[in-house]
Amino acid sequence: IYSDRIRHFYRTNVRIVVLLALKGELVFNAIIGYPCAVVDQSPDGGLKALDWCLDHANNGQRLTLWVPQKSTLNKSRFLKNLSSQSGVNTVFGLDSYIFNADGPALAMYPRVEDLGAIAGSLGITALCVVQWVDSLRIWIQETGAEILTGGARTMTPFGMRRNHL
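To keep things clear, this report deals only with the structure shown in the data block. Here the structure is a predicted model, which means the values were calculated and not measured.

## Here's the deal with the environment of alanine 126
By the element assignment, alanine 126 lies in strand S7 (residues 122-130). Under the relative-accessibility criterion, alanine 126 is labelled buried at 0%. When sequence neighbours within four positions are dropped, the list of residues in contact with alanine 126 reads Tyr34, Pro35, Trp52, His56, Gly103, Pro104 and Ala105.

Here's what the structure looks like:
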């Protein structure tokens, strides 16, 4: 009931309040002042998310790659290749809940309860989430996140110019 009034107040002031509900309880409440997007975990989802992050990066910024655990990274050729790029800072969810970023962040398969720490980290200028199992419906609604669909572009190292297909 109050969330509608809070949402209206913050949107009126060009801020967005994130309210995530888990089992009817308030889990996280923070102000996000940067663009957000969500994509599914389809084979092209990671590429589409990376492309979105690169489109939201400024010169000199680094991409922060958030992965829930190292084994997730090691099981994916895409994530291993991305994390090895010089312009990418990799953060593991089990090791660090709050982190410092310097540019866009790509969060791979976070749980709903992980999003509070990710979104609350300093220095994030844009956030793209690759959805896993948890429903992000409320998070998408509250942040006004763009839902990415369609084909992805070819992956290139962060910071390099891409060919647009």
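## Focus on the environment of isoleucine 32
Along the chain, isoleucine 32 turns up in strand S2 (residues 25-32). Look at isoleucine 32 and you get buried, because its relative accessible area is 3%. A C-alpha to C-alpha distance of 7.4 Å links isoleucine 32 and threonine 143, two positions 111 residues apart in sequence.

## Notes on the pattern of salt bridges
Evaluated as defined, the whole model comprises 2 salt bridges. The shortest N-O distance in the salt bridge between arginine 111 and glutamate 113 comes to 3.4 Å. Judged by its relative accessible area of 41%, arginine 111 is partly exposed. With a shortest N-O distance of 2.9 Å, aspartate 114 and arginine 111 are connected by a salt bridge. Classification of aspartate 114 by relative accessible area gives buried; the value is 8%. Each of Arg111, Glu113 and Asp114 takes part in one network of salt bridges that share partners.

## Here we look at the nonpolar core
Core analysis: the largest hydrophobic core is formed by 22 residues, its most contacted members being Leu65, Leu82, Leu106 and Cys128. When residues of this core are traced back to their parent elements, those giving at least two are strand S3 (36-39), helix H2 (45-55), strand S4 (63-67), helix H4 (77-83), strand S5 (88-92), strand S6 (100-108) and S7. If one sorts the elements of this core by residue count, H2 sits on top with 5 residues. Ranked by size, the runner-up nonpolar core spans 21 residues in total, among them Val91, Ala101, Ile124 and Leu136.

## Here's the deal with the sheet that holds strand S8 (residues 146-147)
Read from one edge to the other, the open sheet built from 6 strands follows the order S5-S4-S6-S7-S3-S8, with strand pairing classed as parallel. Since the sheet does not close on itself, it has two edges, and those belong to S5 and S8, each with one partner. In this sheet, S7 lies alongside S3 in parallel orientation, the contact comprising 4 bridges. In the strand pairing of S7, alanine 37 is matched with cysteine 128.

Conventions adopted
- Residues numbered from 1 in each chain as written.
- Predicted model: local features only at pLDDT ≥ 70, side-chain atom pairs only at ≥ 80, totals over all residues.
- Heavy atoms only, no water.
- Helix = DSSP H or I, 4+ residues; strand = E, 2+ residues; numbered from the N terminus.
- Buried < 20%, exposed > 50% of the residue type's maximum accessible area, 1.4 Å probe, protein only.
- Contact = heavy atoms within 4.5 Å.
- Salt bridge = Lys/Arg side-chain N within 4 Å of Asp/Glu carboxyl O.
- Core = buried A, V, L, I, M, F, W, Y, C linked by side-chain atoms within 4.5 Å.
- Pairing = 2+ DSSP bridges.

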